[in-house]
Amino acid sequence: MELIQENPDLSAYLGADEAIDHHHPLVRKTAARLARDAEDSYAYASLAFEFVRDAIPHSQDAGDPRVTWRASDVLAQGTGICHAKAHALTALLRAEDIPTALCYQRLAHDDGEGHVVHGLVAVRFGGAWHRQDPRGNKPGVDARFSLDGERLAFLPDREAGEWDYPALHAAPHPAVLGALRSAPDRARLWRALPTGL
């Protein structure tokens, strides 16, 4: 699949906003701590990915009812669904000047009823975009940081109405952000997440 930059200006994929608040002191502190152990940008990106994937539990997997959406809140509370974790990873990567985009998949809902939009990121290295999924591993999910072939959490099944969206977004999709911001808890967020974009 060919990934498509929504904004031709690469600097848009380094920007901060309300959700990707990479100027926040906690984001900066976390980025600096991770950067101490990295010899280059690639190593930093891999460390940041593993940190978000492994140290911040997916709230569904952990049974955590809290909803986070701002990158700094995801880091502070240590929880979030795929979209929140994608915001946190985007902020950590942009804090170290690594262009990062938000991307989405349409997948079958966990409960088997309909579909839901799943969030992940793409990083730019070597003049190309590479998708990464920091959702968090569990039985049946083994996502890895890779610039040599995708190692995502999920492979869409076209026959089941699942697919990848090719757009690379500089900011969270408004439908996703609206659902995250308005949901009082994860159970109600599950019902509010968009089924498609």
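Residues numbered from 1 in each chain as written. Predicted model: local features only at pLDDT ≥ 70, side-chain atom pairs only at ≥ 80, totals over all residues. Heavy atoms only, no water.

Engineer: So what's going on with helix α6 (residues 174-182)? Residues and values would help.
Structural biologist: Residues Val 176, Leu 177, Ala 179 and Leu 180 constitute the buried set of α6. The arc that holds the buried residues of α6, viewed along the axis, is 160 degrees, so those residues lie on one side. Away from its buried face, by an angle of more than 90 degrees, α6 presents the exposed residues Pro 174 and Ser 182. Check the buried side of α6 and you find it contacts α5 (82-95), β2 (100-108), β3 (115-125) and α7 (186-192). (Buried < 20%, exposed > 50% of the residue type's maximum accessible area, 1.4 Å probe, protein only. Helix = DSSP H or I, 4+ residues; strand = E, 2+ residues; numbered from the N terminus. Arc of directions from axis to C-beta. Contact = heavy atoms within 4.5 Å.)

Engineer: Go over the packing of helix α1 (residues 25-35) against α5 with me, naming the residues and quoting the values.
Structural biologist: It is the contact of α1 with α5, at a shortest axis distance of 9 Å, that shows an interaxial angle of 65 degrees. The angle between α1 and α5 falls in the class roughly perpendicular. When the axes of α1 and α5 are compared, the crossing they make is right-handed. Facing α1, whose interface residues are Val 27, Arg 28, Thr 30, Ala 31 and Leu 34, α5 presents Ala 91, Leu 92 and Ala 95. Looking at the contact of α1 with α5 residue by residue, the classes come out as 6 nonpolar, 1 polar and 1 charged. (Axes fitted to C-alpha atoms, helices over the stretch in contact; angles between N-to-C directions. Parallel < 35°, antiparallel > 145°, perpendicular 65-115°, else oblique. Left-handed = near helix turned anticlockwise from the far one by under 90°. Nonpolar A, V, L, I, M, F, W, Y, C, P; charged D, E, K, R; others polar.)

Engineer: Describe the nonpolar core, listing the residues and the values that go with them.
Structural biologist: Core analysis: the biggest nonpolar cluster contains 43 residues, and Tyr 44, Leu 92 and Leu 93 have the highest contact counts within it. Those elements that place two or more of their residues in this core are α1, α2 (41-55), α4 (71-77), α5, β2, β3, α6 and α7. Among the elements that line this core, the one with the most residues is α5, at 8 residues. For Leu 92, the contacting residues outside a window of four places in its chain are Val 27, Thr 30, Ala 31, Leu 34, Tyr 44, Ala 48, Phe 51, Val 52 and Leu 75. (Core = buried A, V, L, I, M, F, W, Y, C linked by side-chain atoms within 4.5 Å.)

Engineer: For the pairing of β3, give the residues involved together with the corresponding values.
Structural biologist: Summarising burial for β3: 10 of the 11 residues are buried, a large majority. When β2 meets β3, the two strands line up antiparallel, connected through 9 bridges. Considered in β3, the bridge of Gln 105 is made with His 118. Here β3 folds back onto strand β4 (residues 128-132), and the loop between the two strands holds 2 residues, one of which, Gly 126, carries a positive phi near 60 degrees. (Pairing = 2+ DSSP bridges.)

Engineer: Got a sec to walk through the packing of α1 against α2? Specific residues and values, please.
Structural biologist: Their axes nearest at 9 Å, the elements α1 and α2 cross at an angle of 120 degrees. Between α1 and α2, the interaxial angle falls into the category oblique. Where α1 crosses over α2, the handedness of that crossing is right-handed. Across from Thr 30, Ala 31, Arg 33, Leu 34 and Ala 35 in α1, the residues of α2 making contact are Tyr 44, Leu 47, Ala 48 and Phe 51.

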